[in-house]
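# Descriptive analysis of the structure
If you want the building blocks of each chain, they are given just below.
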4 protein chains.
Amino acid sequence: MTNENHFRFSTTLEVRWRDVDALGHVNNAVYLTYLEQARVHYLRELGLVTGGPDDIGMILAEVTCTYHSPLEMAEQVTTWIRVAELRNSSFIFEYRMEGEDGRLAATARSVQVCYDYETGHSVPIPARWRETVTAYEPALGGGE
Amino acid sequence: MTNENHFRFSTTLEVRWRDVDALGHVNNAVYLTYLEQARVHYLRELGLVTGGPDDIGMILAEVTCTYHSPLEMAEQVTTWIRVAELRNSSFIFEYRMEGEDGRLAATARSVQVCYDYETGHSVPIPARWRETVTAYEPALGGGE
Amino acid sequence: MTNENHFRFSTTLEVRWRDVDALGHVNNAVYLTYLEQARVHYLRELGLVTGGPDDIGMILAEVTCTYHSPLEMAEQVTTWIRVAELRNSSFIFEYRMEGEDGRLAATARSVQVCYDYETGHSVPIPARWRETVTAYEPALGGGE
Amino acid sequence: MTNENHFRFSTTLEVRWRDVDALGHVNNAVYLTYLEQARVHYLRELGLVTGGPDDIGMILAEVTCTYHSPLEMAEQVTTWIRVAELRNSSFIFEYRMEGEDGRLAATARSVQVCYDYETGHSVPIPARWRETVTAYEPALGGGE
């Protein structure tokens, strides 16, 4: 169900020429764009959103990215993503980014807070989200 | 010499229309571009580099960004930066990003490793760097 | 009132490290971001918009950019902009982009169409816009 | 061999969340990044380059992009590209960008100049390039 790092889901994209900076590798900020793409696809895969991030009532509170090896022009980059922890009103994504040859390019972790834009306050994770994610992520106690 | 957070140096830039995403605020990945600009200016201010990041033999190993408040289109954003720790072959930058009204927008921390591109290995922080940074950063024991 | 190329208005920005691509110069697509910044500032200067491009009912229909010389990391880039022609429901911006030393970096031209998002159709240029722009641009018959 | 617009070659990419601006559509500058990706893939397909644009001795002199319809988040965008004209030291690319449903999103045209970075002057199109492109592009008199 999952790979050896407990990830079930991944998304792959191609490094664009524009992603590369003057040092000849993918710029450090662009890794966060790759993580963002992984989040968008994961949330869509689980049916938690219909359009883009704007309808999910979710705020990115923190991200840590550890760079392990440079990514090259035109590489196919695969980003594994999973929910590693569900708290009351926030949850944790973990990521593993791999180059085309499978080498580790980066690991990352982000904190998201569920948010009600109307009231301007954080809110508990919706029950439907909690159930869906728990059922999907075996390491959270659900699985298939 | 420093502000209340021990920062002596800051750089200010304007939020571009392109920095803003579909949610109407500066995209999370763009914060890392702002941090990068702060690094470039800091290193130039201290005379540690002449051109761009490519002549400094420095690799970004990890970055953590904590998002405190959204940045708006056309805001003037000020990023404070300081070297918070000098290790053997790596050092730590700390950052404080403020919106135009002085509110806290983000805090961040990054780890850089000194690197010899010819041998492909990390190297100790050059003595000149260590002296220059220690003299510049009062919290490291130097100061003016 | 205007420089020798009939421009009254310009805006200056700094090349960011992220703007530069693997060839060591500002990437071609980023020039369009600089043009966009010039539009945003011009429209605000003339009081035609209050916030960002989203409240102006204006669609970019075409842009041509001619590249004259590369822009380098950390350069201060000045983009001159003027309305060169007012048609019925569209108008033309012309641009002249200069490097820090005053050399010509690019010239450009873009076509904008006034648009009613509610009806989904193009609309004539609002009378207030026409008057304001004509009064501001001497080459259009107005001037001070 | 070609579609009705005389294009033999296309490349497809996915709109990233980061490509979209505050108006909810792909930002105008990002279209040039899509065109750039099409150039990179075309040049590689024809064996004219081995790595990225940096080894091709080619300078982008001008680009015109005509915007026909907005591109949405997560769309698969196909960019058709062909060499439309070979001059002495420059050549013309034409492009047709289509949304996921096949609708026309943009048309574009760019001028490239062959360039010797060592001497700093433009040079005639290399004979091998001329032969390869002529053989590939039926509208240029070659074809299969």
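Fair warning: this is a prediction, and the values are worked out from it, not measured in the lab.

Scoring rules and cut-offs
Residues numbered from 1 in each chain as written. Chains lettered and ligands numbered in written order. Predicted model: local features only at pLDDT ≥ 70, side-chain atom pairs only at ≥ 80, totals over all residues. Least-squares fit on C-alpha atoms with pLDDT ≥ 70 in both. Contact = placed C-beta atoms within 7 Å. Helix = DSSP H or I, 4+ residues; strand = E, 2+ residues; numbered from the N terminus. Nonpolar A, V, L, I, M, F, W, Y, C, P; charged D, E, K, R; others polar. Pairing = 2+ DSSP bridges. Core = buried A, V, L, I, M, F, W, Y, C linked by C-beta atoms within 7 Å. Buried ≥ 20, exposed ≤ 12 C-beta atoms within 10 Å, placed from the backbone. Expected span 1.5 Å × (residues − 1).

A separate point is the relation of the copies chain B and chain A. Once chain B is rotated about the relating axis by 180° and shifted along it by 0.0 Å, it coincides with chain A to within an RMSD of 0.0 Å. Taken together, the rotation and translation describe the operation of a two-fold axis. Nearest to the rotation axis, the C-alpha of Thr64(B) is located 2.1 Å from it, this being the minimum over chain B. Looking at the interface residues of chain B, 100% of them are also at the interface in chain A, so both copies use one shared face.

A word on the environment of Ala84(D). All names here are of chain D. Along the chain, Ala84 falls in strand β3 (residues 76-86). Once the C-alpha coordinates of Ala84 and Ala139 are considered, the two residues, 55 residues apart in sequence, prove to be 7.5 Å apart. Aside from chain neighbours lying at most four places away, what touches Ala84 is Ile92, Phe93 and Glu94.

If you look at the interface, chain B gives 19 residues, while chain A gives 19 residues. For the side of chain B that touches chain A, the leading source of residues is strand β2 (residues 58-67) of chain B, giving 8 residues. A per-class count over the side of chain B that touches chain A returns 11 nonpolar, 5 polar and 3 charged. Of the strand pairs in this sheet, strand β2 (residues 58-67) of chain A and β2(B) are connected by 5 bridges, and their pairing is antiparallel.

Side chains that are nonpolar tend, in soluble globular proteins, to be buried together. Formed by 136 residues in total, the largest nonpolar core has its most connected members in Tyr31(A), Tyr31(B), Tyr31(C) and Tyr31(D). What Tyr31(A) contacts, discounting residues up to four positions off in sequence, is Val26(A), Cys65(A), Met97(A) and Ala106(A).

All names here are of chain C. A rise of 1.5 Å per residue sets the reference length of helix α1 (residues 28-45), with its 18 residues, at 26 Å; its end C-alpha atoms lie 27 Å apart and thus fit the reference within 8%. Most of α1 is tucked away, with 16 of its 18 residues classed as buried. Trailing α1 by a residue or two, Gly47 shows a phi angle of about 70°, which is positive.

Turning to the pairing of strand β5 (residues 104-116) of chain D, a few remarks are in order. Residue and element names in this part refer to chain D. Strand direction decides the pairing type here: strand β2 (residues 58-67) and β5, joined by 9 bridges, are antiparallel. Residue pairing in the sheet places Leu60 in a bridge with Gln112 of β5. Inspection of the sheet shows strand β4 (residues 90-98) paired to β5 by 9 bridges, in the antiparallel sense. Opposite Tyr95, over in β5, you have Ala108 as the bridge partner. Pairing geometry for β5 and strand β6 (residues 121-122), over 2 bridges, is antiparallel. By the bridge assignment for β6, Asp116 is matched with His121. Between β5 and β6, which follow one another and run antiparallel, lie 4 residues, and Gly120 among them has a positive phi close to 75°.

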